[in-house]
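Take a look at the letters that make up each chain.
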Amino acid sequence: MRCPKCNSIETKVLETRVGKNETSIRRRRECLDCEHRFTTIESVLRADLQVVKRDGRREEFDREKLLAGLKKAVEKRPVDRIQIEMLVADLLAQLEKEFDHEVPSIRIGEAVMLSLRDLDQIAYVRYASVYKDFRDLAELVQEIQDLRASHSDGKQPRH
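Residues numbered from 1 in each chain as written. Predicted model: local features only at pLDDT ≥ 70, side-chain atom pairs only at ≥ 80, totals over all residues. Heavy atoms only, no water.

A. Structural detail: the overall build of the protein chain. Broken down by element type, the protein chain carries five helices and six strands. Scanning the protein chain from its N terminus toward the C terminus, one meets helices and strands in the order β-β-β-β-β-α-α-β-α-α-α. Looking at the protein chain residue by residue over its 159 residues, the buried ones come to 36%. The long-range share in the protein chain, meaning contacts at least 24 apart out of those at least 6 apart in sequence, stands at 45%. A total of about 10100 Å² of accessible surface is found on the protein chain, and carbon and sulfur atoms cover 49% of it. Looking at charge distribution, the protein chain has the averaged site of its 31 positive side-chain charges lying 3 Å from that of its 30 negative ones. (Helix = DSSP H or I, 4+ residues; strand = E, 2+ residues; numbered from the N terminus. Buried < 20%, exposed > 50% of the residue type's maximum accessible area, 1.4 Å probe, protein only. Contact = heavy atoms within 4.5 Å. Areas by Shrake-Rupley, 256 points an atom, 1.4 Å probe, with all protein chains shown as cover. Lys, Arg positive; Asp, Glu negative; His and termini not counted. Charge placed at Lys NZ, Arg CZ, Asp CG, Glu CD.)

See the structure below:
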């Protein structure tokens, strides 16, 4: 693993943790040359996973596309990159258990929204506004009211 600061390949692992669903490994590393500390996440990549779009088209699952959408949703929110990486790893593990080689895009979107709903309500609304393609302000307001009602039982989202 190369150091993101000085590009050295001389690093050591300081700490290793298994992800929530035991499908990823988080490693805290330190560069032996510049002493910069950074985190990496390891997970199994499936090259054969296909996404079935709403119109029936199929395309190869693109982890980076999913990450980009999540990064936009959490922009300027108190959510760090590690939380997003772990969310994606857990989401993929969940989808791979549920589906074999083809995953409906609607199921991916729903799983992302469910994860964001618990992680950060503002990020959830941002993602939902794009994913659900609200036709007018009333639909957005209704989504926010539903979100508020689901959290009115005293359950607070985790940060």
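Further notes follow.
B. Representation of the confidence of the model for the protein chain in the model. Put simply, the protein chain has an average pLDDT of 84, and 91% of its residues get 70 or more. This model gives residues 154-159 a pLDDT under 50, and the stretch forms 13 contacts once residues within four places in sequence are excluded. (pLDDT = per-residue confidence, 0-100.)

C. Looking closely at the sheet that holds strand β4 (residues 50-52). Pairing in this open sheet of three strands is mixed, and the strands run β5-β4-β6 from one edge to the other. Two strands bound the open sheet, and with one partner strand each, they are β5 (58-60) and β6 (102-104). Going across the sheet, the axis of each strand differs from the next one's by a mean of 35°, ignoring polarity. By the bridge criterion, three bridges tie β4 to β5 in an arrangement that is antiparallel. Bridging from a neighbouring strand, Q50 pairs with E60 of β5. (Pairing = 2+ DSSP bridges. Axes fitted to C-alpha atoms, helices over the stretch in contact; angles between N-to-C directions.)

D. Seen up close, the pattern of salt bridges. Counting across every chain of the model gives 13 salt bridges. Close ionic contact of E59 with K53 constitutes a salt bridge, the shortest N to O distance being 3.8 Å. For the salt bridge of R81 with E85, the shortest nitrogen-to-oxygen distance reads 3.0 Å. Here E85 and R81 lie together in helix α2 (residues 81-98), a separation of four residues that amounts to about one turn. A residue is classified by how much of its surface remains accessible, and E85, at 11% relative accessible area, is buried. Taken together, the shared-partner salt bridges in this structure form one network comprising K12, E30 and R37. (Salt bridge = Lys/Arg side-chain N within 4 Å of Asp/Glu carboxyl O.)

E. Layout of the environment of E42. Examined against the element boundaries, E42 turns out to sit in strand β3 (residues 37-43). Distance from E42 to M86, taken between C-alpha atoms, is 9.8 Å for residues 44 residues apart in sequence. At a separation of 2.6 Å, a polar atom in the side chain of E42 contacts the side chain of R27. (Polar contact = N/O pair within 3.5 Å; in protein donor to acceptor, adjacent residues only side chain to side chain.)

F. How the structure looks around the nonpolar core. Ranked by internal contacts, the top residues of the largest apolar core, which has 31 residues, are L66, L70, I108, V112 and L116. Those elements giving two or more residues to this core turn out to be α1 (63-74), α2, α3 (105-119) and α4 (121-131). Those residues in contact with L116 that sit more than four places away from it in its chain are L70, A73, V74, Q121, A123, Y124 and Y127. (Core = buried A, V, L, I, M, F, W, Y, C linked by side-chain atoms within 4.5 Å.)

G. Focus on the side chain of R107. Position of R107 relative to the elements: it lies in helix α3. R107 gets classed as buried once you look at its relative accessible area, which sits at 18%. At a separation of 3.1 Å, a polar atom in the side chain of R107 contacts the side chain of E98. With sequence-adjacent residues up to four places away left out, R107 is seen in contact with Q94, L95, E98 and F99.

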